[in-house]
Amino acid sequence: MPFPDIDPIAFSLGPLVIRWYALAYLAGFLGGWLVARRLAGAEGLWGTVPRPSKEQIDDFIVWIALGVILGGRLGYVLFYDLGSYLARPHEILFVWQGGMSFHGGLLGAVIASFVFARRNGLIGLSMLDIVAVTAPIGLFFGRIANFINGELWGRPAPDFPFAVVFPFAGPVPRYPSQLFEAATQGLVLFIVMLIAVAVLGMRRPGMLAGIFAIGYAAARIFCELFREPDPQLGFLMGNWLTMGMLLSLPLALAGIVAILAARRGLTGPGHPPSAKAGSA
């Protein structure tokens, strides 16, 4: 089917141009902030774990926004197109031209979570648990915006009944892989995280972060089977291994370690490993 004719510019006010991609980031941070405030206000979820106040959540969302944006941009530069940016380093600042890495943004969020926790007498892994519950909201809106922009399209799929002819990808019908990612990494993973909160609460720091890490890694690896690899990288091995898959493997391993540590009570308040992590 033809690509829907959607203008990537949502609206403009004189010289100010507002794109759907910017609105997707705004919706993700706004939705995450609202959910995070509800988590912070639900005292019964936390047990003896130090709970952030709603006012601290208001500050925390700013830290996370900076961590995601800076980490996402630097991650893309380092993981996906380092040679090009070394030749034109000033273009690293041109974020409006596109180029963000989820794995880099996640690393930025991790650093922001631990630094914020240390400054506010909280547990870093607990703040990361909050990020884990809210991150699928941003992933959902972000992938929808990728589809609207006609970017990060899928591999050729001439026999797929819902294949799309993207305007910048030639005449070949392709998988709408952005929508696959919005559904799995966004909607499905958000439901999984809400169920995890209802069952486990926030009582074991790092448990929810571990569940998210494994869930995202599995969803990303699955969707990479349908997504066209970045042209400057191509496949890293054979006709199947992509950079997205490669970066997701250590993420899944970190998730397993976090869950095991949380199950053994190694991350709770007052435990030495937790204190050490909070000062990282």
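Anything mentioned here points back to the structure above.
Quantities reported herein were computed from a predicted structural model and do not represent experimental measurements.

Student: Outline the pairing of strand β1 (residues 9-13), listing residues and values.
Tutor: Looking at chain direction, β1 and strand β2 (residues 16-19) are connected through four bridges and run antiparallel. By the bridge assignment, I9 is partnered in β2 with R19. Hairpin remark: β1 followed by β2, antiparallel, with two residues in the connecting loop; positive phi at G14, about 65 degrees.

Student: I'd like a rundown of the environment of L247, residues and numbers included.
Tutor: Take L247: it is sitting in helix α8 (residues 243-263). When the C-alpha positions of L247 and L107 are compared, they lie 11 Å apart, and in sequence the two are 140 residues distant. In this structure L247 touches F79, Y80 and H103, once residues within four positions along its chain are discounted.

Student: Give a description of the side chain of T242 that names residues and reports values.
Tutor: Its location among the elements puts T242 in the loop between α7 (207-224) and α8. Among the polar contacts listed, one links the side chain of T242 to the side chain of E224, at a separation of 2.5 Å. Non-local contacts of T242, meaning those with residues more than four positions away in its chain, are made with R155, E224, P229, F235 and L236.

Student: Give a detailed account of helix α5 (residues 124-149), specifying residues and quantitative values.
Tutor: In this model, α5 (26 residues) spans 35 Å end to end at C-alpha, consistent with the 38 Å of a helix rising 1.5 Å per residue. Considering bend angle alone, the principal kink of α5 is centred on T134 and spans about 35 degrees; proline P136 follows within four residues of it. Most of α5 is tucked away, with 21 of its 26 residues classed as buried.

Student: How would you summarise the packing of helix α4 (residues 102-120) against α7 if you had to cite specific residues and measurements?
Tutor: Axis separation between α4 and α7 bottoms out at 13 Å; the angle between their running directions is 170 degrees. One way to sum up the angle between α4 and α7 is to call them roughly antiparallel. Contacts between α4 and α7 involve F102, H103 and L106 on the former and, on the latter, F212, Y216 and R220.

Student: Run through the nonpolar core, naming residues and quoting values.
Tutor: Within the largest apolar cluster, 44 residues are counted, with the highest numbers of intra-cluster contacts made by M127, I130, M193, L208 and F212. Broken down by element, this core gets its largest block of residues, nine residues, from α5. Apart from residues no more than four positions distant in its own chain, I130 is found in contact with A36, L39, W46, P52, I57 and M202. Counting six residues, the second largest nonpolar core, distinct from the first, contains Y76, V77, M243 and L247.

Parameters at a glance
Residues numbered from 1 in each chain as written. Predicted model: local features only at pLDDT ≥ 70, side-chain atom pairs only at ≥ 80, totals over all residues. Heavy atoms only, no water. Pairing = 2+ DSSP bridges. Helix = DSSP H or I, 4+ residues; strand = E, 2+ residues; numbered from the N terminus. Contact = heavy atoms within 4.5 Å. Polar contact = N/O pair within 3.5 Å; in protein donor to acceptor, adjacent residues only side chain to side chain. Expected span 1.5 Å × (residues − 1). Bend = angle between axes of the 7 residues up to and from the residue. Buried < 20%, exposed > 50% of the residue type's maximum accessible area, 1.4 Å probe, protein only. Axes fitted to C-alpha atoms, helices over the stretch in contact; angles between N-to-C directions. Parallel < 35°, antiparallel > 145°, perpendicular 65-115°, else oblique. Core = buried A, V, L, I, M, F, W, Y, C linked by side-chain atoms within 4.5 Å.

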